[in-house]
Amino acid sequence: MAIKYGRPIELREVSRHEGTMVPHALDLTVRPRRNRKAEWARRMVRENVLTTDDLIWPLFLIDGNNKREQVASMPGVERLSVDQAVREAERAMKLTIPCIALFPYTDPSLRDEEGSEATNPNNLVCQAVRAIKKEFPDIGLLCDVALDPFTSHGHDGLISDGRILNDETVAVLVRQALVQAEAGCDIIAPSDMMDGRVAAIREGLDRSGLSDVQIMAYAAKYASAFYGPFRDAIGSAKTLTGDKRTYQMDSANSDEALREVELDIAEGADMVMVKPGMPYLDVVRRVKDTFAMPTFAYQVSGEYAMIAAAANNGWLDGERAMMESLLAFKRAGADGVLSYFAPKAAEKLRAQG
Ligand SMILES: NCc1[nH]cc(CCC(=O)O)c1CC(=O)O
Ligand SMILES: [Mg+2]
């Protein structure tokens, strides 16, 4: 018998409750609301959950001691001196957040055309990695690989006549990855979008006996307006000349994202990332369905700023918007999310038990 929505098609025109119906009641066999009638029922059919294991917490570093500086465009986010970053690592441990990502605000006097501070084994990121690993060896540490926090022009690569040089940049990125890995970084995360950098970094790590160090590739990273507050935080907003469209992706494309991800996997990426997050959830879903790799999304600074600003204005319920936005990544297929909300969300998750 042909079945349409649970009722034999032959009976479709026959009222099920001739004479017995409540006036104006619809003759519905299927009522999806039944499964939403109480919290326990909703819990039974819930398809996705967010846990603290899904969170990666990005921290901003600044030189100094016992220093915490507000980032104006990211209410609730601070730049931290290394000792304070260690305290936040302890907080992450207690909240069972598995991993922290580190981003430096580099003193302007240390920035140059070549971003040479990036390969200084004693730079701020490496200092923080050592300090955190010394006290908390069991927390995962992720370091960005790209030159923009260190260059006077704010670009992710070496520049010549206004052009970003690919292969020359890759050589520097390998050295940057090596100083970070040697300091104790667990996950190297190239965010520069140069071609061929994952293979080069993998080879460099392996040759240096660092074959356990993972690579999380910013594989599909778009040229986005949503990075604005991050560039404030690391101090590259004012210095950036032009834009990053010759290396970061065009926001109109998603087939191209699949090709980028495929290449990074072939080159040795252990995990892949899509960035930004919420405006690119379709890309997250396509990547997860196509490659079945550990797939991460970055809820970037501008996404954080939008929610935080609206909440501070009383225009939306900040906590609920935060949790809803994070769960959306899980629904889209992400295995985890880099988010500035990580500690707040983890606190809320733990309070819920
Ligand atoms: N290449 C560096 C980098 N790594 C992460 C972000 C952005 C993160 C955020 O906005 O939160 C950026 C900025 C950029 O590419 O300009
Ligand atoms: Mg690529």
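Residues numbered from 1 in each chain as written. Chains lettered and ligands numbered in written order. Predicted model: local features only at pLDDT ≥ 70, side-chain atom pairs only at ≥ 80, totals over all residues. Heavy atoms only, no water.

(A) Fine view of the UniProt feature "active site" (unreviewed entry) in the protein chain. Feature annotation in UniProt places "active site" (unreviewed entry) on Lys221 and Lys275, given in this structure's numbering. Taking the farthest pair of C-alpha atoms as the criterion, the annotated set spanning 55 residues converges on one region, since that pair is 4.9 Å apart. Looking only at the residues we just named, the largest cavity is lined by Lys221 and Lys275. Residue lysine 221 is classed as buried on the basis of its relative accessible area, which comes to 4%. (UniProt positions renumbered as here; feature names shortened; annotations may be inferred. 1 Å grid on protein atoms, 1.4 Å probe; cavity = no way out; pocket = protein on both sides within 12 Å on 5 of 7 lines; lining within 4 Å. Buried < 20%, exposed > 50% of the residue type's maximum accessible area, 1.4 Å probe, protein only.)

(B) Inspection of the pattern of salt bridges at higher detail. Taken as a whole and assessed by the stated rule, the structure comprises 24 salt bridges. The closest approach of N and O atoms between lysine 94 and glutamate 90, which form a salt bridge, is 3.6 Å. One end of the pair, lysine 94, and the other, glutamate 90, are both in helix 2 (residues 82-94), four residues apart, so they sit about a helical turn from each other. For lysine 94, a relative accessible area of 60% gives the class exposed. In this structure, arginine 202 and aspartate 270 form a salt bridge, with 3.8 Å as the shortest nitrogen-oxygen distance. Of this pair, arginine 202 sits in helix 5 (residues 197-207) while aspartate 270 is found in the loop between helix 7 (255-266) and strand 12 (271-275), placing the two residues 68 residues apart along the sequence. (Salt bridge = Lys/Arg side-chain N within 4 Å of Asp/Glu carboxyl O. Helix = DSSP H or I, 4+ residues; strand = E, 2+ residues; numbered from the N terminus.)

(C) Here's a closer look at unusual backbone geometry. Following lysine 275, the chain continues into proline 276 via a peptide bond in cis, with omega recorded as -10°. In this model, methionine 193 sits at a positive phi of 65°, which is unusual for a non-glycine residue. Note that methionine 193 resides in the loop between strand 10 (187-190) and helix 5. Residue alanine 292 is not a glycine yet carries a positive backbone phi of 50°. By secondary structure assignment, the location of alanine 292 is in the loop between helix 8 (281-291) and strand 13 (295-299). What makes alanine 292 exposed here is its relative accessible area of 61%.

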